[in-house]
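# Architecture and fold: a report
Here are the chains, one letter per residue:
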Amino acid sequence: MLPIRTATPADARALTELRRVMHDDIDGPHPTDWMQACEEMTRVRLSIDPSFHAYVVEDEGKVVAGITGEIRPRFPTPGSPQTIAGYGIAMCILPEYRRRGIGGTLVHHMTERFMTLGCARMSVFVAPMAVGLYRELGFEELDDAIKPMNRFAGRPVPPNRYTAAATAS
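Residues numbered from 1 in each chain as written. Predicted model: local features only at pLDDT ≥ 70, side-chain atom pairs only at ≥ 80, totals over all residues. Heavy atoms only, no water.

A separate point is the nonpolar core. Ranked by internal contacts, the top residues of the largest apolar core, which has 33 residues, are Leu15, Val57, Ile67, Tyr97, Ile102 and Leu106. Put simply, the parts of the chain that give this core at least two residues each are helix H1 (12-27), strand S2 (52-59), strand S3 (62-73), strand S4 (84-93) and helix H3 (102-116). For Leu15, the contacting residues outside a window of four places in its chain are Ala7, Thr42, Leu46, Ala54, Tyr55, Val56, Gly66, Ile67 and Thr68. (Core = buried A, V, L, I, M, F, W, Y, C linked by side-chain atoms within 4.5 Å. Buried < 20%, exposed > 50% of the residue type's maximum accessible area, 1.4 Å probe, protein only. Helix = DSSP H or I, 4+ residues; strand = E, 2+ residues; numbered from the N terminus. Contact = heavy atoms within 4.5 Å.)

What follows is the structure, encoded as structure tokens:
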């Protein structure tokens, strides 16, 4: 197995490049205009944010895989009274290093780290190609869970019953 280590701010560029590979593998190719901001955010978070965690795998000094995640406080809910949760942000392995157990080892490292910090659960959004790996590692799909939805700035709010009521006031 290749060595795994905790990422440092010097790994920000490599982790960003791995994120590009991940996004392009899922539904790319994509423009790269986001990468500079992502690299800077990664560098800053690795420098000063104790809630942000990352590991990298190297082969002969080259970062070939990585995983990032964060711990966040959360409001307890019925059936889930814990107040700390871990969230996987991204995991990527260069294509030529896949199917060697690296992904499972990275997830194991991150999960163990989160549990030692008091997390009772770790949540991830999983690309279709990685669902089997996460199932094998004990993750469960929650079909009855709240569905993630996004709204992006810069897109107009379509007319709806709420906007009509707001403009009528």
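We now examine the layout of surface pockets. By volume, the second largest pocket is sized at about 260 Å³. As for the second largest pocket, its lining consists of His23, Phe125, Pro148, Met149, Asn150 and Phe152. Tallied by class, residues from the lining of the second largest pocket come to four nonpolar, two polar and no charged. (1 Å grid on protein atoms, 1.4 Å probe; cavity = no way out; pocket = protein on both sides within 12 Å on 5 of 7 lines; lining within 4 Å. Points joined across faces, edges and corners; volume = space filled by probe spheres on them. Nonpolar A, V, L, I, M, F, W, Y, C, P; charged D, E, K, R; others polar.)

This brings us to empty space enclosed by the protein. For the coordinates displayed, the defined rule picks out one cavity of 30 Å³ or more. Here the largest cavity defines a volume of roughly 40 Å³. Lining the largest cavity, in full, are Leu15, Leu18, Arg19, Gly66, Ile67, Thr68, Ala90, Met91 and Cys92. For the lining of the largest cavity, the secondary-structure elements that each account for two or more residues are H1, S3 and S4. Class assignment for the residues of the lining of the largest cavity results in six nonpolar, two polar and one charged.

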